[in-house]
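# A structural walkthrough
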Amino acid sequence: MNWKSVLTWAGVGSFAGFAIAVATYSPQGNENFVYLIYAGMFIGALLGVRYPIESRASACAFPLGFAATSLLAGLWMVKPVAYNDIYAFLAIVMVIMILVGGSGFFDMFLVPLTYFGGFAVAMLTFKGYQPLQGMEGAVVGLFTVGVMGAILAFFAVFGRWAFTVAKNIPGR
């Protein structure tokens, strides 16, 4: 079993579950649609076992999105977090993604989806924790790490690819 493929597909599946949950959301409707994130993650993991793909950065982005969001939520539970701390989390995400690098174009373009999938799973994990919901700026800070983290993770992988290509230009 290729764990990188399973992680990549699980991230894409949880992102798809999030997108479907948002599309079916209504204020008067059933809140259980949010659990489509878990269902998507599970179905994605099964697809990863059945249809393996070669990935490196997107496989790292899924647990990284989950870990960054969970660690920041845990930090919010202990003390109020300043925006400098949030930016430090984003810088760590970028450094990790630059070091990992993508294994190809497909892998590079899956990075924001899988990172955001990890973020969605972590946010669903902390869904019922009321003290976190009541803190001013906590949810906004977590969404900043989720959305900006996905964008910056893509640009980190893209930047590494661009510098690698630029390094090889004089040899041509």
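This report concerns the structure included in the present document. (Residues numbered from 1 in each chain as written. Predicted model: local features only at pLDDT ≥ 70, side-chain atom pairs only at ≥ 80, totals over all residues. Heavy atoms only, no water.)

## Observations concerning the overall build of the chain
Within the chain, the regular secondary structure consists of seven helices and zero strands. Its helices and strands taken in sequence order, the chain reads α-α-α-α-α-α-α from the N to the C terminus. For a compact globule of 172 residues, the expected C-alpha radius of gyration is about 16 Å, and the chain comes in at 17 Å, within 12% of that figure. In terms of overall dimensions, the chain has C-alpha extents of about 60 × 40 × 25 Å along its principal axes. Taken over 172 residues, the chain has a buried fraction of 38%. Roughly 9,400 Å² of accessible area belongs to the chain as shown, and the carbon and sulfur atoms make up 72% of that amount. Mean positive and mean negative side-chain charge positions of the chain (8 and 5 charges, respectively) differ by 15 Å. (Helix = DSSP H or I, 4+ residues; strand = E, 2+ residues; numbered from the N terminus. Rg over C-alpha atoms; globule rule 2.2 N^0.38 Å. Buried < 20%, exposed > 50% of the residue type's maximum accessible area, 1.4 Å probe, protein only. Areas by Shrake-Rupley, 256 points an atom, 1.4 Å probe, with all protein chains shown as cover. Lys, Arg positive; Asp, Glu negative; His and termini not counted. Charge placed at Lys NZ, Arg CZ, Asp CG, Glu CD.)

## Structural notes on the pattern of salt bridges
In total, this model carries one salt bridge according to the counting rule given. For the salt bridge of D85 with K79, the shortest nitrogen-to-oxygen distance reads 3.6 Å. (Salt bridge = Lys/Arg side-chain N within 4 Å of Asp/Glu carboxyl O.)

## Looking at the environment of S70
Here S70 is to be found in helix α3 (residues 57–78). Between the C-alpha atom of S70 and that of T125, which follows or precedes it by 55 residues, the distance is 8.7 Å. Those residues within four positions of S70 in sequence are excluded, and the remaining contacts are A122 and F126. (Contact = heavy atoms within 4.5 Å.)

## Remarks on helix α2 (residues 36–50)
Counted at 1.5 Å a residue, the expected span for α2 with its 15 residues is 21 Å, and the 20 Å between its end C-alpha atoms agrees. All of the buried residues in α2 are I37, G40, G44 and G48. The buried residues of α2 all sit within an arc of 75 degrees when viewed along its axis, so they share a single face. Away from its buried face by more than 90 degrees, α2 exposes F42 and R50. (Expected span 1.5 Å × (residues − 1). Arc of directions from axis to C-beta.)

## Side note on a nonpolar patch on the surface
Among the surface-exposed residues, F105, F109, F143, V147, I151, F155, F158 and W161 lie close enough to one another that they form a single nonpolar patch of about 770 Å² accessible area. Mapped by element, the contributors of at least two residues to the nonpolar patch are α5 (105–125) and α7 (138–167). If one sorts the elements of the nonpolar patch by residue count, α7 sits on top with six residues. Note on F155: relative accessible area 46%, which makes it partly exposed. (Patch = residues over 30% accessible without salt bridge, like charges linked within 9 Å, V, L, I, M, F, W, Y side chains within 5 Å.)

## Section: the nonpolar core
With 28 residues, the main nonpolar core has L72, V93, M97, V111, Y115, L132 and V145 as its most contacted residues. Of all the secondary-structure elements, those providing two or more residues to this core are α3, α4 (83–100), α5 and α7. For this core, the leading source of residues is α7, giving eight residues. The residues touching L72, leaving out its near neighbours within four places in the chain, are V81, I86, F89, G141, L142 and V145. One finds A10, I37, A120 and V121 within the second-largest nonpolar core, a separate group that totals six residues. (Core = buried A, V, L, I, M, F, W, Y, C linked by side-chain atoms within 4.5 Å.)

## Remarks on the side chain of D107
Counting through the fold element by element, D107 comes out in helix α5. Buried and unpaired, D107 has no salt bridge, with R56 as the nearest side chain of opposite charge at 5.6 Å.

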